[in-house]
Amino acid sequence: SGSHAEGGDERLGRDLARAGIPVVWTFGTSSMPSVDAVMVDDRGCGIWAADWVPADSRDVLIVGPTDRNIDLEFRIVAFEYHLRERSVTPQRLAHASDAALKKAFQELPESPVTVFVPGHDMQVLAVHELLAKRSRGKEGEDRLIAVMTDETPLAPHVGEDVHVLHIDPVRIGLAAGRQLLWRRETPWAEPARLL
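The rules behind each value
Residues numbered from 1 in each chain as written. Predicted model: local features only at pLDDT ≥ 70, side-chain atom pairs only at ≥ 80, totals over all residues. Heavy atoms only, no water. Buried < 20%, exposed > 50% of the residue type's maximum accessible area, 1.4 Å probe, protein only. Helix = DSSP H or I, 4+ residues; strand = E, 2+ residues; numbered from the N terminus. Contact = heavy atoms within 4.5 Å. Phe/Tyr/Trp six-rings, centres within 6.5 Å; stacked < 30°, edge-to-face > 60°. Arc of directions from axis to C-beta. Pairing = 2+ DSSP bridges. Axes fitted to C-alpha atoms, helices over the stretch in contact; angles between N-to-C directions.

Visitor: Before we go on, may I ask you to explain unusual backbone geometry in this structure?
Guide: Peptide bonds are, in most cases, trans, and in most cases residues other than glycine have a negative phi. The phi torsion at S87 lies on the positive side, around 65 degrees, for a residue other than glycine. Here S87 falls in the exposed class, since its relative accessible area comes to 69%. Backbone geometry places H120, a non-glycine residue, at a positive phi of 65 degrees. In this structure, H120 sits in the loop between β5 (114–117) and α5 (121–135).

As structure tokens, this is what we get:
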């Protein structure tokens with residue numbers, strides 16, 4: 001499953017690999033270089049998000065994860081890099097608690113803002129609601145750009161423009177299954193990392 005829980009999936013993966021049982025790591029990065037992996041293209045997610053930022057945007061905010069997550073950090077770095085190429089410098093609100101997030105949204109300028117949430121479905125929903133409260137009586141549309149695994153459509157509120165990239169866990173599972181079958185047929189091959 002790609003979880004980094006202490007003594008969890010990563011330890012189990014090492015034990016399985018030592019026993020010669022094929023392992024396919026999914027979703028996250030792994031410190032096990034000898035296993036196959038099917039991963040989300042985090043760089044591609046960040047580039048996709050940067051492409052949705054309007055050219056005339058002045059206020060761009062990144063709402064980072066509340067936990068240390070290298071995958072989301074890759075998305076953020078790719079997003080920042082591609083915006084800076086267009087001379088747009090986003091403001092990063094990293095490791096924001098709910099209280100800090102609410103306070104930051106209260107201090108935003110009245111002009112329209114663009115907010116990028118690189119992951120964590122609950123954080124996306126929290127930002128979506130904060131933008132809804134902000135949009136009342138304001139001219140122009142705020143923009144929410146998010147990456148989620150939840151496939152439920154995220155309908156924009158009045159005064160909000162929403163763009164969501166849905167990561168499909170089913171496709172990742174299918175790719176992992178194909179990778180596992182390939183590994184059974186070619187046990188001598190070098191570990192493969194699929195995006």
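Visitor: Would you take a moment to explain the side chain of D142 for this structure?
Guide: The residue D142 is located in strand β6 (residues 142–148) in this model. If near-sequence neighbours (up to four positions away) are discounted, D142 is found in contact with S111, P112, V113, L131, R134, G159, E160 and D161.

Visitor: Would you mind going over the packing of aromatic side chains with me for this structure?
Guide: Each aromatic ring pair is described using two quantities: the centre-to-centre distance and the angle formed by the ring planes. Across all of its chains, the model carries two aromatic pairs by this definition. With 6.5 Å between their ring centres and 65 degrees between their planes, W48 and W52 make a pair best called edge-to-face. Judged by relative accessible area, W52 falls into the partly exposed class, the value being 35%. Ring centres of F79 and F116 lie 4.3 Å apart, and the angle between their planes is 25 degrees; on these two criteria the pair is classed as stacked. With F79 in helix α3 (residues 70–84) and F116 in strand β5, the pair connects residues that are 37 residues apart, well separated along the chain. Take F79: its relative accessible area is 0%, and that puts it in the buried class.

Visitor: Sorry, what's going on with helix α4 (residues 98–106) here?
Guide: Note on helix geometry: an α-helix contains 3.6 residues per turn, so any two residues three or four positions apart are oriented the same way. Turning to α4, its buried residues are L101, A104 and F105. One side of α4 carries all its buried residues, which in axial view fall inside an arc of 95 degrees. Among the exposed residues of α4, those oriented more than 90 degrees off its buried face are A99 and Q106.

Visitor: How should I be thinking about the environment of P187 in this particular structure?
Guide: By secondary structure assignment, the location of P187 is in the loop between α6 (169–185) and β8 (193–194). Residue classification places P187 among the exposed positions, given a relative accessible area of 54%. Taking the C-alpha atoms as reference, P187 lies 9.2 Å from G20; in sequence the two are 167 residues apart.

Visitor: Sorry if this is basic, but what is going on with the sheet that holds strand β3 (residues 60–63) here?
Guide: By way of backbone hydrogen bonds, the strands of a sheet pair with one another, either parallel or antiparallel. The strand order β4-β3-β5-β6-β7 describes an open sheet built from five strands, whose pairing is parallel. The open sheet is flanked by β4 (91–93) and β7 (160–166), the only strands paired with a single partner. Recorded for the sheet is a direction-independent mean angle of 15 degrees between the axes of neighbouring strands. Strand direction decides the pairing type here: β3 and β5, joined by three bridges, are parallel. Looking at the pairing, V60 lines up with T114 of β5. This element, α3, spans β3, β4, β5 and β6 of the sheet and lies at about 170 degrees to β3.

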